[in-house]
Amino acid sequence: MDINWQDHIYSNPKIGFGKPIFRDTRIKVEFVLDLMGTGWTAEQMAEEYPGIEPQHLRAAAAFAADLIREDGGVAIGQAKAA
């Protein structure tokens, strides 16, 4: 099942310095992606941060994929330099 990340993520300059957050929360997408990258499971995130829901994880992944597609040159250049 595809997820439309725009249904779950938005940016408000008055919340979180304008960084993308999940709707109806103050949880930054960047924070969730960092947790995912360090190996946190969905269960661990939900337990520690009750506002994080399974659809947020799918939306965050779809959001990150779109960013790479749109600005792939930066991400690919950084990956090659690693």
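As shown above, the structure is provided for reference.
Here we summarise the structure given alongside this text. Nothing here was measured: the structure is a model prediction, and the numbers come from that model.

Observations concerning the overall build of the protein
Along the backbone of the protein there are four helices and two strands. Split into buried and exposed, the 82 residues of the protein put 26% on the buried side. Nonlocal contacts in the protein, meaning residues at least 24 apart in sequence, comprise 36% of its contacts between residues at least 6 apart. For the protein, the exposed surface amounts to about 5,800 Å²; the carbon and sulfur share of it is 55%.

Digging into the nonpolar core
Grouped together as the largest cluster of nonpolar side chains are 14 residues, with contacts concentrated most on W5, I9, F22, V29, V32, M45 and I52. Going through the elements one at a time, α1 (29-37) and α3 (54-70) are the ones with two or more residues in this core. Looking at this core, the element that brings in the most residues is α3, giving five residues. Setting aside anything within four residues of it in sequence, one finds V32 in contact with F22, I27, M45, I52, L57 and A60.

Things to note about the packing of aromatic side chains
The tally for this structure, following the rule as stated, stands at three aromatic pairs. Measuring from centroid to centroid gives 5.0 Å for F31 and Y49, while their planes differ by 85°, and the two rings are edge-to-face. Of this pair, F31 sits in helix α1 while Y49 sits in the loop between α2 (42-48) and α3, and the two are 18 residues apart along the sequence. By relative accessible area, which is 32% here, F31 ends up partly exposed. Centre to centre, the rings of W40 and Y49 are 6.0 Å apart; their planes meet at 35°, and the pair counts as tilted.

Brief notes about α1
Taken residue by residue, α1 has V29, V32 and L35 as its buried positions. Seen end-on, α1 carries its buried residues on one side only, within an arc spanning 125°. Contact partners of the buried residues in α1: β1 (9-10), β2 (21-22), α2 and α3. Of the residues trailing α1, G39 is marked for its positive phi of about 100°.

Reading the values: the criteria
- Residues numbered from 1 in each chain as written.
- Predicted model: local features only at pLDDT ≥ 70, side-chain atom pairs only at ≥ 80, totals over all residues.
- Heavy atoms only, no water.
- Helix = DSSP H or I, 4+ residues; strand = E, 2+ residues; numbered from the N terminus.
- Buried < 20%, exposed > 50% of the residue type's maximum accessible area, 1.4 Å probe, protein only.
- Contact = heavy atoms within 4.5 Å.
- Areas by Shrake-Rupley, 256 points an atom, 1.4 Å probe, with all protein chains shown as cover.
- Core = buried A, V, L, I, M, F, W, Y, C linked by side-chain atoms within 4.5 Å.
- Phe/Tyr/Trp six-rings, centres within 6.5 Å; stacked < 30°, edge-to-face > 60°.
- Arc of directions from axis to C-beta.

Nothing here speaks to function; it is geometry throughout.
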